[in-house]
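Each chain, letter by letter, is given below.
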Amino acid sequence: QVQLVESGGGSVQAGGSLRLSCAASGVTVSNACMGWFRQAPGKEREGVAGIPIGGGVTYYAGSVSGRFTISRDNAKNTLLLQMNSLKPEDSAMYYCAATPPWTCGGHWALPTKYVYWGQGTQVTVSS
């Protein structure tokens, strides 16, 4: 059984930082295509960052590029998202997603690409 458990969300002021973690079980993060998504009230779920198997490249939404960094901690089987220079528009529920190698096709930011999802962690940025 695959479980993805996000943590690290919270409330910060604009310009602050947060580090999200996604602890995985039942799937090896180093052998899965992984992503972070977010969804604000009344909006569609959007891809924030993605990392393929191997991690040689990373992908970011234009709105977070240069501020967010996605990475893996293989020893802890955890996906990370370092978020710096946070803005009020970054406020949303953040979700971790994973998909096994045989389903890694498709654009990293498409939610339908991913088989497994966490329950989310709330990020609120105040101005």
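Residues numbered from 1 in each chain as written. Predicted model: local features only at pLDDT ≥ 70, side-chain atom pairs only at ≥ 80, totals over all residues. Heavy atoms only, no water.

Chemist: Describe the side chain of Arg67, and please don't skip the residues or the numbers.
Modeler: One can find Arg67 in the loop between strand 6 (59–60) and strand 7 (68–73). At 2.7 Å, the side chain of Arg67 and the side chain of Asp90 are in polar contact. (Helix = DSSP H or I, 4+ residues; strand = E, 2+ residues; numbered from the N terminus. Polar contact = N/O pair within 3.5 Å; in protein donor to acceptor, adjacent residues only side chain to side chain.)

Chemist: Lay out the pattern of salt bridges in plain terms, naming residues and giving numbers.
Modeler: For the structure shown, the criterion picks out 3 salt bridges. Across the salt bridge formed by Arg38 and Glu46, the nearest N and O atoms sit 2.6 Å from each other. Residue classification places Arg38 among the buried residues on the basis of a relative accessible area of 5%. For Arg67, the salt bridge identified is with Asp90, shortest N-O distance 2.7 Å. You can see Arg67 sitting in the loop between strand 6 and strand 7 and its partner Asp90 sitting in the loop between strand 8 (78–83) and strand 9 (92–99), a full 23 residues away along the chain. Each of the two residues, Arg67 as well as Asp90, counts as buried. Beyond isolated ion pairs, a larger network of salt bridges with shared partners links Arg38, Glu46, Arg67 and Asp90. (Salt bridge = Lys/Arg side-chain N within 4 Å of Asp/Glu carboxyl O. Buried < 20%, exposed > 50% of the residue type's maximum accessible area, 1.4 Å probe, protein only.)

Chemist: How would you summarise the nonpolar core if you had to cite specific residues and measurements?
Modeler: Grouped together as the largest cluster of nonpolar side chains are 28 residues, with contacts concentrated most on Trp36, Leu81, Met83 and Tyr94. Where this core is concerned, the elements lending two or more residues are strand 3 (18–25), strand 4 (33–39), strand 5 (46–51), strand 7, strand 8, strand 9 and strand 11 (121–126). (Core = buried A, V, L, I, M, F, W, Y, C linked by side-chain atoms within 4.5 Å.)

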